[in-house]
Amino acid sequence: MSLLVVGLSHRSAPVSVLERAALSADAQIKLLQDTVAAEPATEAAVLATCNRIELYADVDKFHAGVAELSTLLAQHSGVGPDELTPYLYVHYEDRAVHHLFSVACGLDSMVVGEGQILGQIKDSLAKAQELHSAGRLLNDLFQQALRVGKRAHSETGIDRAGQSLVTFGLEQLSAGTAVEDWARGKRALVIGAGSMSSLAAATLARVGVAEIVVANRTYDRAERLAALLAEQYGQGLADGTDVPARAVPMDSVPVELTRADVVVSCTGATGIVLTAEEVAASVEGRTGQPVAFEEAGDSVRTAAKAPAARSAADATDVRQTPLPPTSVGTDEDCPLDLGSVQGGFSVMGEAAVAGMDAATLEQHASWAAGSAVDRREAARRSPEADAELITALAATVATVGRIPERRKSEPVLEVPRPTPVLSLLDLAMPRDIDAAVHRLAGVRLVDIESLAEASADAPMAADVDQVRRIVSDEVAAFGAAQRAARITPTVVALRTMAADVVASEIARLEGRLPGLDDKHRSEITQTVRRVVDKLLHAPTVRVKQLAAEPGGAGYADALRTLFDLDQETVASVSRAEDSTEKNRGPR
């Protein structure tokens with residue numbers, strides 16, 4: 001059997017596809033059950049987070065396994081195979097082990113080095129154990145991945161390379177200000193009471209918000225989280241700050257939105273939890289002013305679109321400011337008579353300026369630059385000066401293809417967005433908050449998509465290289481252990497056969513020597529067993545060592561052939577080990 005992983009993540013698929021492919025808890029259970037029921041797979045585990053969906057399996061056929069796992073992912077995610085397949089990645093054997101170990105260390109996370117993935121891997125293993133879909137291979141793999149992740153965090157500074165998505169998201173909301181300074185005194189609303197929401201609430205408490213309100217569809221879970229926060233942070237932090245926490249039902253969210261300064265949402269809902277209209281209404285309820293949608297893609301924004309954040313005097317449309325002319329002869333009061341120029345002013349060559357005096361040309365240049373020129377002063381110039389200027393202009397036209405305009409460059413006018421009245425962090429997949437909120441004036445939304453963009457250029461810490469070396473070493477060690485373990489059933493079958501031979505020979509000896517007393521019988525039995533054990537010790541130890549090396553899989557076959565071991569006996573040992581692992585349950 002061989003390890004195979006098929007999946008998609010923020011590195012292979014756009015957020016829109018990840019959002020649609022997100023698996024509910026029930027869908028994950030059904031996917032596991034259907035995977036182990038499929039022909040190529042005997043074990044299965046699902047790792048589903050906000051930015052990845054991966055299906056791990058122990059398969060006996062590579063191509064059939066890839067086809068089956070890809071089909072199952074498409075069926076249970078609801079995204080058609082033709083649409084999903086281009087975004088899937090496949091890892092096999094050692095590459096699959098390397099991938100999971102990298103994920104466990106945070107190297108494959110959206111925010112490099114974040115440690116929350118360890119808890120998600122632990123949950124994934126527990127679910128597979130509970131459903132008895134994880135056998136020896138996946139139990140060993142996931143438990144080792146957890147150990148590797150913990151080793152990376154304890155032996156290196158990978159934590160400095162990144163943070164949890166919550167911390168990274170709050171840094172994006174604070175827009176360069178220290179999160180503690182930005183959060184101090186703010187009221188926070190946390191929607192959801194799962195692991196991510198709990199982490200968000202704890203993080204907000206640590207950075208010093210003034211209050212935390214927890215809303216959840218199951219009110220009891222919201223109460224438990226609020227009580228835990230009140231117990232841990234309500235007695236005061238190191239700086240003496242108390243952080244009160246309380247729970248509210250989901251139907252109280254619209255009211256709480258009018259009081260909140262920052263909102264973090266991470267629920268398991270499959271649809272939108274907060275619409276753009278609800279967010280706009282909450283801001284209007286606080287400010288008493290209507291909230292407009294900003295036009296996407298405007299290079300020049302109208303400050304008046306954010307009346308809640310700016311005064312009437314500051315809300316003047318910047319596009320009303322007069323700008324310098326953008327083309328020749330197309331604005332009012334242009335001093336050139338375009339009709340007198342054959343073919344228009346843009347005609348190339350001497351014909352464009354022939355017959356036009358230098359004073360007229362200079363008049364246009366001064367008009368374009370916003371200054372005035374006395375025509376009478378320009379008219380005093382000599383014909384020779386006019387001829388020289390015309391010749392120079394004609395040469396310029398022949399070279400650059402147009403008559404140069406002597407004017408100042410036009411500044412790019414852009415009014416920055418107003419200071420947000422409400423900051424929202426959406427960590428759900430699929431999204432909880434309508435993406436249209438991005439366009440609401442006075443509101444700032446950070447979601448998984450914007451976090452992916454922001455983290456793309458995040459600096460990598462030097463410790464990342466050290467973690468990569470740890471991963472490579474651990475992959476090699478795991479591979480060796482697995483290869484050695486594959487020969488164990490054969491060794492067990494060999495020793496079982498040897499024990500049967502000993503028992504048979506002792507029975508025959510008793511038939512020949514019926515008067516043999518118990519003391520001598522026991523001594524003879526122990527002597528024969530010691531002889532067999534000594535004969536088998538060196539070959540079995542050595543064959544395990546050889547099997548652990550790359551390409552060592554053939555030693556098990558050689559051992560079976562040399563000792564004429566029954567294949568079914570070896571297989572029964574393997575089945576017994578796998579059954580023990582699957583029935584072990586969560587640990």
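Residues numbered from 1 in each chain as written. Predicted model: local features only at pLDDT ≥ 70, side-chain atom pairs only at ≥ 80, totals over all residues. Heavy atoms only, no water.

Some details on the environment of Ala-498
As a reminder, the rule being used: Numbering of helices and strands starts at the N terminus; helices are DSSP runs of H or I of at least 4 residues and strands are runs of E of at least 2. Only protein chains enter the accessibility calculation, which uses a 1.4 Å probe; a residue is then buried when its area is under 20% of its type maximum, exposed when over 50%, and partly exposed in between. In this description, contact between two residues means that some pair of their heavy atoms is separated by no more than 4.5 Å.
Relative to the assigned elements, Ala-498 resides in helix H18 (residues 463–512). Overall, Ala-498 belongs to the buried group, its relative accessible area being 11%. Spatially, the C-alpha atom of Ala-498 lies 8.8 Å from that of Arg-529, the residues being 31 residues apart in sequence. Filtering out sequence-adjacent residues up to four positions away, Ala-498 remains in contact with Val-532 and Leu-536.

Let's talk about the pattern of salt bridges
Definition in use: Put simply, a salt bridge is a Lys or Arg side-chain nitrogen that is within 4 Å of an Asp or Glu carboxyl oxygen.
Per the stated rule, a full pass over the model turns up 22 salt bridges. For Arg-20, the salt bridge identified is with Glu-83, shortest N-O distance 2.4 Å. Taken as a pair, Arg-20 in helix H1 (residues 15–21) and Glu-83 in helix H4 (residues 81–84) lie far apart in primary sequence, 63 residues in all. According to the relative accessible area criterion, Glu-83 is partly exposed, its value standing at 35%. The partner of Arg-530 in a salt bridge is Glu-523, and the shortest N-O contact between them spans 3.8 Å. Judged by relative accessible area, Glu-523 falls into the partly exposed class, the value being 47%. Residues joined by salt bridges that share partners form a network here, namely Arg-187, Glu-211, Arg-246, Glu-256 and Arg-259.

Considering the packing of aromatic side chains
To keep it simple, the criterion reads: Two aromatic rings, drawn from Phe, Tyr or Trp (for Trp, its six-membered ring), form a pair once their centres lie within 6.5 Å of each other, and the interplanar angle then sorts them: stacked below 30 degrees, edge-to-face above 60, tilted otherwise.
Enumeration over the complete set of coordinates arrives at three aromatic pairs. A centroid spacing of 5.4 Å and a plane angle of 80° characterise the contact between Tyr-56 and Phe-142, whose relative ring orientation is edge-to-face. Note that Tyr-56 is positioned in strand E3 (residues 52–59) and Phe-142 in helix H7 (residues 136–155), a separation of 86 residues in sequence. Across this residue pair, the class does not change: Tyr-56 and Phe-142 are buried. Judged by centre distance (4.7 Å) and plane angle (65°), the rings of Phe-62 and Tyr-92 are edge-to-face. With a gap of 30 residues between them, Phe-62 in helix H3 (residues 62–77) and Tyr-92 in strand E4 (residues 89–92) connect regions that are remote in the sequence.

Quick look at a nonpolar patch on the surface
Put simply, the rule reads: Each patch is built from salt-bridge-free residues with over 30% relative accessible area, joining like charges within 9 Å and nonpolar side chains (Val, Leu, Ile, Met, Phe, Trp, Tyr) within 5 Å. Note that accessible areas follow from Shrake-Rupley with a 1.4 Å probe, and for residues the cover is restricted to the protein chains shown.
On the surface, a cluster of nonpolar side chains totalling about 360 Å² of accessible area is made up of Met-497, Val-501, Leu-562 and Phe-563. Within the secondary structure, Met-497 is located in helix H18.

Re the sheet that holds strand E1 (residues 2–9)
Note the threshold: Think of it this way: DSSP has to see at least two bridges between two strands before they count as a pair. An axis is simply a line fitted to the C-alpha atoms; with a helix, the fit covers only the stretch in contact. Between two such axes, the angle follows the N-to-C directions and lies from 0 to 180 degrees.
Sheet architecture is open: four strands sit in the order E2-E3-E1-E4, paired in antiparallel fashion. The sheet is open, and its two borders are formed by strand E2 (41–49) and E4, each paired with just one other strand. Across the sheet, the axes of successive neighbouring strands diverge by a mean angle of 15°, strand direction being ignored. Both E2 and E3 contribute to a ladder of eight bridges, which runs antiparallel.

Some details on the sheet that holds strand E6 (residues 211–216)
In space, the six strands of this open sheet follow the order E7-E6-E5-E8-E9-E10, with parallel pairing throughout. The two strands at the open ends of the sheet, each matched to only one other strand, are strand E7 (245–249) and strand E10 (443–446). When strand polarity is set aside, the average angle formed by the axes of neighbouring strands in this sheet is 20°. Inspection of the sheet shows strand E5 (residues 187–191) paired to E6 by five bridges, in the parallel sense. Within E6, the residue paired with Val-190 across the bridge is Val-214. Packed onto the sheet, helix H11 (residues 219–233) meets E6 and E7 and runs at close to 170° relative to E7.

Some details on the confidence of the model for the chain
Defined as follows: Each residue carries a pLDDT value, the predictor's own confidence for that position, ranging from 0 to 100.
When pLDDT is averaged along the chain, the result is 77, and 71% of the positions lie at 70 or above. Considering only residues more than four positions removed or in separate chains, one finds that residues 296–331, a stretch of pLDDT under 50, has 54 contacts. For the stretch residues 371–379, pLDDT sits under 50, and the model shows nine contacts to residues farther than four places along the chain or on other chains.

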